[in-house]
Amino acid sequence: MPEGAGVPAPPHAVSKLKAARLARSTKPFLARGGPKGDRCPGCRLVPSHCLCALHPQTPARAGVCLLMADIEPLKPSNTGWLVADVVADTFAFGWARTAVDPALLALLADPQWQPFVVFPGEFVAPERVVHAVEVSAGGAKALPRRPLFILLDATWPEARKMFRKSPYLDALPVLSLQPEQLSRYRLRRSARTDHFCTAEVAALCLALAGDDQASAVLEAWLDVFTHHYLQAKHQLPVDGHGWGQLALAGAVQDGAELIQFLNQSSTRRRSAGSTGVLTKRSRQSNRLI
Ligand SMILES: [Zn+2]
């Protein structure tokens with residue numbers, strides 16, 4: 001195993017969806033851009049830039065349900081994958097106009113969850129739109145439901161189509177994030193675009209649900225991934241030995257260390273930040289909020 005490579009994490013919902021999608025393919029998927037060569041199955045990066053050793057673990061009460069456009073799971077820069085890395089209860093389904101996975105319908109009907117479709121309120125009947133995550137009790141003596149955020153992981157035109165043509169979503173509340181929430185987030189993250197990638201949308205939703213630790217870990221994990229991805233793409237080594245030290249220090253077990261590490265190093269934070277993968281993705285990417 002190359003230096004720096006970790007043990008790949010067990011497959012999660014997005015990696016399983018990718019495997020299923022690949023199994024159905026009649027021709028190989030050729031990703032545009034990105035590093036060439038063999039990829040680690042755990043993080044999708046070339047082995048020299050594998051970040052599996054840094055994989056954080058953190059609890060979250062909320063869950064995330066990714067409805068993914070056809071080739072989205074195959075894209076090496078898809079950030080829904082990172083959501084599944086961090087949020088244990090992440091579910092992923094491929095979207096099709098003419099069919100729906102019975103497991104998705106079962107998930108939406110599961111009384112432990114309170115689903116919210118995350119989508120811009122301006123495109124939705126006002127009575128469906130909510131701006132806060134309030135969960136109702138599942139029954140007289142039942143525990144409060146857990147929030148389940150449904151994210152449409154797709155380009156914006158695809159996401160609009162998915163929203164319009166998924167009747168099983170019609171009865172669900174639509175969580176529309178407010179402009180002031182978004183501008184605060186943009187300022188804090190030094191984001192340079194108007195759009196957010198799927199992992200950023202999920203981080204915002206987790207924060208709204210009170211899962212602050214998971215939200216911060218997901219943001220940090222996105223920064224780490226972005227740095228490793230861009231360094232690999234440009235055939236540059238990963239920045240210094242700090243990442244290795246972090247892995248040895250046990251970031252694997254405690255996402256808080258990952259956050260602290262990034263916060264302590266503003267240089268690293270900038271270099272790991274959201275200027276490359278995100279900018280590129282955002283141009284063509286989802287506009288869930
Ligand atoms: Zn890896």
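The model shown is predicted, which means the values in this text are computed figures rather than measured ones.

1. As for the overall build of the protein
When helices and strands are counted, the protein shows 11 helices and six strands. When each of the 289 residues of the protein is scored for burial, the buried share is 44%. In the protein, once contacts between residues fewer than 6 apart in sequence are set aside, the share between residues at least 24 apart is 80%.

2. Side note on the pairing of strand β5 (residues 146–153)
Buried residues dominate β5, accounting for seven of its eight residues. Note: strand β1 (residues 63–68) against β5, six bridges, orientation parallel. From the neighbouring strand, Gly63 faces β5, where its bridge partner is Leu148. Where strand β3 (residues 113–118) lies against β5, five bridges are found, and the strand directions are parallel. Looking across to β5, one finds that Pro115 is bridged to Leu148.

3. Brief notes about the environment of Leu17
By secondary structure assignment, the location of Leu17 is in helix α1 (residues 13–24). By the C-beta count within 10 Å, which is 23 here, Leu17 ends up buried. The spatial distance from the C-alpha of Leu17 to the C-alpha of Gly94 is 7.3 Å, given a sequence separation of 77 residues. Discounting chain neighbours no more than four positions away, the residues touching Leu17 are Met68, Pro73, Ala92 and Gly94.

4. Thoughts on helix α4 (residues 156–164)
Glu158, Ala159, Met162 and Phe163 are the residues of α4 that are buried. Buried positions in α4, seen along its axis, are confined to an arc of 135 degrees and lie on one side of it. Counted as exposed and oriented over 90 degrees from the buried face of α4: Pro157 and Arg164.

5. Concerning the nonpolar core
If you look at the biggest cluster of nonpolar residues, it comprises 74 residues, and the most contacted ones within it are Phe149, Ala202 and Leu218. Examining the composition of this core, we find that 12 residues originate from one element, helix α7 (residues 212–233), more than from any other. Not counting the four nearest positions on each side in its chain, Ala202 is found in contact with Val64, Val83, Phe149, Leu151 and Leu218.

6. Some details on the packing of helix α6 (residues 198–208) against α7
In the contact formed by α6 and α7, the axes pass within 7 Å of each other and the chain directions differ by 165 degrees. For the element pair α6 / α7, the angle class is roughly antiparallel. Relative to α7, the crossing made by α6 is left-handed. Contacts between α6 and α7 involve Ala199, Glu200, Ala202, Ala203, Leu206 and Ala207 from the first element and Asp212, Ala214, Ser215, Leu218, Glu219 and Leu222 from the second.

7. Describing the confidence of the model for the protein
Summing up the model confidence of the protein, the mean pLDDT is 82 and the portion of residues at 70 or higher is 76%. Low pLDDT, under 50, characterises residues 273–287; the predicted model gives this stretch 38 contacts beyond four residues in sequence or across chains.

About the criteria used
Residues numbered from 1 in each chain as written. Predicted model: local features only at pLDDT ≥ 70, side-chain atom pairs only at ≥ 80, totals over all residues. Helix = DSSP H or I, 4+ residues; strand = E, 2+ residues; numbered from the N terminus. Buried ≥ 20, exposed ≤ 12 C-beta atoms within 10 Å, placed from the backbone. Contact = placed C-beta atoms within 7 Å. Pairing = 2+ DSSP bridges. Arc of directions from axis to C-beta. Core = buried A, V, L, I, M, F, W, Y, C linked by C-beta atoms within 7 Å. Axes fitted to C-alpha atoms, helices over the stretch in contact; angles between N-to-C directions. Parallel < 35°, antiparallel > 145°, perpendicular 65-115°, else oblique. Left-handed = near helix turned anticlockwise from the far one by under 90°. pLDDT = per-residue confidence, 0-100.

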